[in-house]
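# Structural features, examined
The residues making up each chain are set out below.
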Amino acid sequence: MSNYYFETKVNYSVEESVEKITEFLKPYGFGILTHIDVQKTLKEKIGAQVLPYRILGACNPNFAKHAISTEANIGLMLPCNIVVQEKADGTTMVATINPQETIKSIGNQELNPIADNVSEVMKSLIDSLKEVHV
């Protein structure tokens, strides 16, 4: 596993995975701000045929407010992206950003507790999906 993300294979479709992710994040104060259907967009814009690929932008407003108050340009790294994609073999992969690696690279120590908290939630999400691993 690379340092900048957490990833797992799941036994859900892309659509089911998006629903499970959305529901999992709610108790942690996260909502899905953006939902990009890359497959649809590429087909419409350039006629490309690609497998289902979604990018979800997850945000916890309290964490976001604190982060923006601490580092004005942190919005360049927000929201926390989650990728849900179908692979050629028909499996579905879910990957989340690891803020401990991405946010901490900024070098502002005041952001470290937020990065740690968000990383814990993202890792918990992946771990919860691993429980139903294919």
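These notes cover the structure that comes with them.

Calculation notes
Residues numbered from 1 in each chain as written. Predicted model: local features only at pLDDT ≥ 70, side-chain atom pairs only at ≥ 80, totals over all residues. Heavy atoms only, no water. Helix = DSSP H or I, 4+ residues; strand = E, 2+ residues; numbered from the N terminus. Rg over C-alpha atoms; globule rule 2.2 N^0.38 Å. Buried < 20%, exposed > 50% of the residue type's maximum accessible area, 1.4 Å probe, protein only. Contact = heavy atoms within 4.5 Å. Areas by Shrake-Rupley, 256 points an atom, 1.4 Å probe, with all protein chains shown as cover. 1 Å grid on protein atoms, 1.4 Å probe; cavity = no way out; pocket = protein on both sides within 12 Å on 5 of 7 lines; lining within 4 Å. Points joined across faces, edges and corners; volume = space filled by probe spheres on them. Nonpolar A, V, L, I, M, F, W, Y, C, P; charged D, E, K, R; others polar.

Below, the discussion takes up the overall build of the protein chain. The helix and strand tally for the protein chain stands at five helices and five strands. Order of helices (α) and strands (β) in the protein chain, N terminus to C terminus: β-α-β-α-β-α-β-β-α-α. Here the C-alpha atoms of the protein chain give a radius of gyration of 15 Å, agreeing with the 14 Å that 2.2 N^0.38 yields for 134 residues. Seen along its three principal axes, the alpha-carbon backbone of the protein chain occupies a region of about 40 × 35 × 25 Å. Relative to its full complement of 134 residues, the protein chain shows a buried share of 37%. Taking the intrachain contacts of the protein chain between residues at least 6 apart in sequence as the baseline, contacts between residues at least 24 apart amount to 69%. Within the structure as shown, the protein chain displays about 7600 Å² of accessible surface, and the carbon and sulfur contribution to it stands at 52%.

The subject of this paragraph is the layout of surface pockets. Of the pockets and cavities examined, the largest pocket occupies roughly 380 Å³. Lining the largest pocket we find 26 residues, and of these Met77, Pro79, Cys80, Asn81 and Ile97 sit closest to its centre. Listing elements by their share of the lining of the largest pocket, those giving two or more residues are β3 (53-59), α3 (61-70), β4 (80-86), β5 (92-97), α4 (99-102) and α5 (112-130). Considered class by class, the residues forming the lining of the largest pocket number 22 nonpolar, four polar and no charged.

So, on to unusual backbone geometry. Residue Pro79 is bonded to the preceding Leu78 through a cis peptide linkage, with omega at -10°. Relative to the helices and strands, Pro79 resides in the loop between α3 and β4.

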